[in-house]
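Geometric and topological summary
Here is how the chains run, residue by residue.
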Amino acid sequence: MLRVDALREIYPELERHIVVTIMGAVAAELYALGHRPNFFYMEHSMGLASSLGLGLALALPGQQVIVLDGDGSLLMNLGTLTTLARYRPPNLLHIVFDNSSLVSVGGFPTATASGTNLAEMARAAGVPRVLEAETPAQFRAAVTQALARPGMTTLVARVEASGPASYRLDLDLLENRFQFKRYLDSLRSSS
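Values in this document were obtained by computation on a predicted structure and should not be read as measured data.

Description of the sheet that holds strand S1 (residues 18-21)
Strand order in the open sheet made by the six strands is S2-S1-S3-S4-S8-S7, with parallel pairing throughout. Both edges of this open sheet fall to strand S2 (39-41) and strand S7 (129-133), since each of them pairs with a single strand only. Looking at each pair of strands side by side, their axes are set apart by 15 degrees on average, direction ignored. The pairing of strand S4 (residues 92-98) with strand S8 (residues 153-158) spans six bridges and is classified as parallel. In the strand pairing of S8, Asp 98 is matched with Arg 158. Seen against the sheet, helix H8 (residues 173-190) touches S1 and S2 and runs at an angle of roughly 145 degrees to S2.

A short note on the nonpolar core
Of all hydrophobic cores here, the largest spans 59 residues; its most connected members are Ile 18, Leu 30, Leu 68, Ile 95, Phe 97, Phe 139 and Leu 155. Setting aside its immediate chain neighbours within four residues, Phe 139 contacts Met 1, Ala 6, Ile 10, Ile 95, Phe 97, Ala 133, Leu 155 and Ala 157.

Calculation rules
- Residues numbered from 1 in each chain as written.
- Predicted model: local features only at pLDDT ≥ 70, side-chain atom pairs only at ≥ 80, totals over all residues.
- Heavy atoms only, no water.
- Pairing = 2+ DSSP bridges.
- Helix = DSSP H or I, 4+ residues; strand = E, 2+ residues; numbered from the N terminus.
- Axes fitted to C-alpha atoms, helices over the stretch in contact; angles between N-to-C directions.
- Contact = heavy atoms within 4.5 Å.
- Core = buried A, V, L, I, M, F, W, Y, C linked by side-chain atoms within 4.5 Å.
- Buried < 20%, exposed > 50% of the residue type's maximum accessible area, 1.4 Å probe, protein only.

None of this, on its own, says anything about what the molecule does.
What follows is the structure, encoded as structure tokens:
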């Protein structure tokens, strides 16, 4: 499955939730579908989207947080799996797009290209619910399941090693930060 097809499957659902993405292809493909003020693109910080998502989920327990991660980023911060499992916020969905490649920085293979299984690693770390998907329909069903039942979830989605034609976001990084903060402030003032 193409990552952009998976994102397209859940895009309407993302409007109601806090969304944090990693840098590179995931951010560019989500942005191309249409930017929203509740999207935060973690540009220039590979491996940290899950950490930011965890902090947001713990700080805003009444809000669903969705992290859009990648295999390369997760492999750079594997300790996040044990931290997610330790705190297990019921409002966090951690989606990992596994393309077995660092496609955003040249296409070098990641450890998943030679057998590392991120879903099994999440299970071994103690993540309470781990789902897997290989088709857009499976992906949509897994996201729907995760959002319907509270519980910390990691979803590993196998995707092709392809990226967008351009990785450029037509959004200044500071403006994204300010928009996102205003969005979070609006959540606090409405509750």
